[in-house]
Amino acid sequence: MDDDAMTRFPVPDLDELPDDLRERIEDETERAGFTPNVFAGFAYKPSHWRAFFDYHDALVDDTDLERHEVEMIIVAVSGVNHCYYCNVAHGALLRIYAKDPLLADQLVANYRSADISEKHKTMLDVAVKLTERPVEVGDDDLQRLRDAGFSEEEVWDIGAVTAFFNLSNRMAMFADMRPNEEFHSLGRQRRDD
């Protein structure tokens, strides 16, 4: 694991971690070809690591949203929050899942001018409102999502992904988690598959 994964707290040694964390980190490293720094950073506190990744996995595995829609929310919210780690890491995932090398950059800069559908603009309008002005979110916002074509479960998931990644952004910024260099170039080439 990279000692530079975060600057404000020590990064634990992989060999000193509980077996379940070490095994998951080794699996992620094998799958990605590198250890995403978020795994190294959150390993500072194993009980929090488990809860964080269990909830993350539930959000991305148990949803009716398409994976690129989940990543769109993450990137737009992280852009508004100026979270360097999530902008870069989830920008890479969005490029891969959407098969679009430009979309993540558009969403980080200003999702309102991105090349996305009105349905997705509505989704991001509500996600950003929940991020910036949560006290103002009301029934009319949820109805806008329904009117845009999102199911009741998808409406819930939009709120859950938004809320979780606001937490994630804040912890990444608090610990000064640094994105892996590899994330910067992933998904930049157009994919024809």
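Peer 1: Where do I start with the overall build of the protein chain in this structure?
Peer 2: Helix and strand content of the protein chain: nine helices and zero strands. Walking the protein chain from its N terminus toward its C terminus, one meets helices and strands in the order α-α-α-α-α-α-α-α-α. Computed over the C-alpha atoms, the radius of gyration of the protein chain is 17 Å, within 12% of the 16 Å expected from 2.2 N^0.38 for a compact globule of 193 residues. Principal-axis analysis of the C-alpha atoms gives the protein chain an extent of 50 × 40 × 25 Å. Evaluated residue by residue, the protein chain yields a buried proportion of 47% over its 193 residues. Across the protein chain, contacts joining residues at least 24 apart in sequence account for 68% of those joining residues at least 6 apart. Here the protein chain has roughly 10000 Å² of accessible surface; of this, 48% comes from carbon and sulfur atoms. Placing the 21 positive and 41 negative side-chain charges of the protein chain at their respective mean positions leaves the two points 5 Å apart.

Peer 1: Teacher, can you tell me more about the packing of helix H7 (residues 118–132) against helix H8 (residues 139–148) here?
Peer 2: The relative placement of two packed helices is expressed as an angle between their axes plus a distance between the axes. Where H7 contacts H8, the two axes come as close as 9 Å, and the packing angle between them is 160 degrees. Our classification of the angle between H7 and H8 gives roughly antiparallel. Remark: the crossing between H7 and H8 carries left-handed chirality. Here Lys119, Thr122, Met123, Asp125, Val126 and Lys129 of H7 come into contact with H8, specifically with Asp141, Arg144, Leu145 and Ala148. For the contact of H7 with H8, the residue count by class is four nonpolar, one polar and five charged.

Peer 1: Just to check I follow, could you spell out unusual backbone geometry for this structure?
Peer 2: Among all residues except glycine, the phi angle is most often negative; among peptide bonds, the trans geometry is most common. In this model, histidine 82 sits at a positive phi of 60 degrees, which is unusual for a non-glycine residue. You can see histidine 82 is positioned in the loop between helix H4 (67–81) and helix H5 (84–98).

Peer 1: I would appreciate a short explanation of H5 in the present structure.
Peer 2: In an α-helix, one turn spans 3.6 residues; hence positions three or four apart end up facing the same way. Spanning 15 residues, H5 covers 20 Å between terminal C-alpha atoms, matching the ideal 21 Å at 1.5 Å per step. Residues of H5 that are buried include every one of Tyr85, Cys86, Asn87, Val88, Ala89, His90, Gly91, Ala92, Leu94 and Arg95, and no others. Among the structural elements, helix H2 (37–42), H4, helix H6 (103–110) and helix H9 (152–175) are those in contact with the buried residues of H5.

Peer 1: Looking at this structure, I do not really get the nonpolar core. What am I missing?
Peer 2: A general feature of soluble globular proteins is that nonpolar side chains tend to end up buried together. Counting residues in hydrophobic clusters, the biggest one holds 55 residues, and the most contacted among them are Ile73, Tyr85, Leu107 and Leu124. Tallying contributions element by element places H9 first for this core, with eight residues. Sequence-distant contacts of isoleucine 73, defined by excluding residues within four places in its chain, comprise Leu65, Met123, Leu124, Ala127, Ile158, Val161 and Thr162.

The rules behind each value
- Residues numbered from 1 in each chain as written.
- Predicted model: local features only at pLDDT ≥ 70, side-chain atom pairs only at ≥ 80, totals over all residues.
- Heavy atoms only, no water.
- Helix = DSSP H or I, 4+ residues; strand = E, 2+ residues; numbered from the N terminus.
- Rg over C-alpha atoms; globule rule 2.2 N^0.38 Å.
- Buried < 20%, exposed > 50% of the residue type's maximum accessible area, 1.4 Å probe, protein only.
- Contact = heavy atoms within 4.5 Å.
- Areas by Shrake-Rupley, 256 points an atom, 1.4 Å probe, with all protein chains shown as cover.
- Lys, Arg positive; Asp, Glu negative; His and termini not counted.
- Charge placed at Lys NZ, Arg CZ, Asp CG, Glu CD.
- Axes fitted to C-alpha atoms, helices over the stretch in contact; angles between N-to-C directions.
- Parallel < 35°, antiparallel > 145°, perpendicular 65-115°, else oblique.
- Left-handed = near helix turned anticlockwise from the far one by under 90°.
- Nonpolar A, V, L, I, M, F, W, Y, C, P; charged D, E, K, R; others polar.
- Expected span 1.5 Å × (residues − 1).
- Core = buried A, V, L, I, M, F, W, Y, C linked by side-chain atoms within 4.5 Å.

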